[in-house]
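Reading the structure
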Amino acid sequence: MAFDGTWKVDRSENSDEFLEKMGLDTMKRKLAAHDNLKLTITQEGTKFTVKESSSFRKSEIVFELGVTFNYKLGDGTEVSGSWNAEGNKHVGKFKRLDNGNELTVIREIIGGEMVQTYIYEGVEAKRIFKKE
Ligand SMILES: CCCCCCCCCCCCCC(=O)O
């Protein structure tokens, strides 16, 4: 399926401003900029397994489209929400458990790259991944 495979982060856009809005201090933002994030995505019907590997952690999450799950971000912030298919895109609507603010994530394939767009409190960032 479209998202299946191992995706290694290639570049980011506006991630520093985004992470500042999310509340990360300068040191954490600097570390996050070099996290060497790799996502291995496997789809079985509407069920997805995402194995995450970075300089800081390894984790695995299993979720179904349209079904709410909890997820811990790299800095420990917990969110709850779900992914839904909208055409060729997956749109994730998550709420932070600490302050109730909404975090939207769009996952799509553009020109063979996987592009993840993050929107939080009016600030947008992108991370662009290449297939290994
Ligand atoms: C600029 C970096 C922003 C980082 C924000 C991370 C948002 C992750 C949202 C939830 C992801 C669920 C698991 C997954 O499908 O990968």
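What counts and what doesn't
Residues numbered from 1 in each chain as written. Predicted model: local features only at pLDDT ≥ 70, side-chain atom pairs only at ≥ 80, totals over all residues. Heavy atoms only, no water. UniProt positions renumbered as here; feature names shortened; annotations may be inferred. Phe/Tyr/Trp six-rings, centres within 6.5 Å; stacked < 30°, edge-to-face > 60°. Buried < 20%, exposed > 50% of the residue type's maximum accessible area, 1.4 Å probe, protein only. Helix = DSSP H or I, 4+ residues; strand = E, 2+ residues; numbered from the N terminus. Pairing = 2+ DSSP bridges. Arc of directions from axis to C-beta. Contact = heavy atoms within 4.5 Å. Salt bridge = Lys/Arg side-chain N within 4 Å of Asp/Glu carboxyl O.

Taking an unreviewed UniProt entry as the reference, the protein is identified by name as Fatty acid binding protein 2 belonging to Equus caballus. Check the Sequence similarities (unreviewed entry) section of the UniProt entry for the protein; it says "Belongs to the calycin superfamily. Fatty-acid binding protein (FABP) family."

Let's talk about the packing of aromatic side chains
Counted according to the given criterion, the structure contains 6 aromatic pairs. Between the aromatic rings of Phe63 and Phe69, the centroid separation amounts to 5.0 Å while the plane-to-plane angle is 10 degrees, which identifies the pairing as stacked. Under the relative-accessibility criterion, Phe63 is labelled buried at 6%. Residue class for Phe69 comes out buried when judged on its relative accessible area of 11%. A connected cluster of aromatic rings, assembled from ring pairs, spans Phe48, Phe63, Phe69, Trp83 and Phe94.

Here we look at unusual backbone geometry
Across the chain, the bulk of peptide bonds are trans and the bulk of non-glycine residues have phi less than zero. One non-glycine residue with positive phi stands out, namely Asn14, at about 60 degrees. By relative accessible area, Asn14 is classed as partly exposed at 37%. A positive phi is found at Asn36, a non-glycine position, where the angle reads about 50 degrees. Here Asn36 is to be found in the loop between α2 (26–32) and β2 (38–44). Using a relative accessible area of 48% as the deciding quantity, one classes Asn36 as partly exposed.

Structural notes on the pairing of strand β9 (residues 113–120)
Regular strands place their side chains on alternate faces of the sheet. The element β9 is extensively covered by neighbouring structure, given that 7 of its 8 residues are classed as buried. Relative to β9, strand β8 (residues 102–110) runs antiparallel, the two being bridged by 8 bridges. When the bridges of β9 are listed, Ile110 appears paired with Glu113. With 7 bridges connecting them, β9 and strand β10 (residues 123–131) associate as antiparallel partners. By the bridge assignment, Thr117 is partnered in β10 with Lys126. Counted along the chain from β9 to the antiparallel partner β10, the turn is 2 residues long, and its residue Glu121 has a positive phi close to 50 degrees.

A few points about helix α1 (residues 15–22)
Restricting attention to buried positions, one finds in α1 the residues Phe18, Leu19 and Met22. For α1, the angular spread of buried residues about the axis comes to 95 degrees, placing them on one side. In this structure, the buried residues of α1 make contact with α2, β7 (89–96), β8, β9 and β10. Just past α1, the residue Gly23 takes up positive phi, approximately 105 degrees.

Brief notes about the pattern of salt bridges
Inspection of every chain in the model, using the stated rule, returns 11 salt bridges. A salt bridge links Lys38 to Glu132, with the nearest nitrogen and oxygen atoms 3.3 Å apart. Here the residue Lys38 occupies a position in strand β2, and Glu132 occupies one in the segment after β10, the gap between them amounting to 94 residues. Given a relative accessible area of 28%, Lys38 falls into the partly exposed group. Salt-bridge contacts for Glu108 lead to Lys89; the nearest nitrogen and oxygen are separated by 4.0 Å. With Glu108 in strand β8 and Lys89 in strand β7, this residue pair connects regions lying 19 residues apart in the sequence. We classify Lys89 as partly exposed; its relative accessible area is 35%. Three or more residues joined by partner-sharing salt bridges are found here, namely Asp10, Arg11, Glu113 and Lys130.

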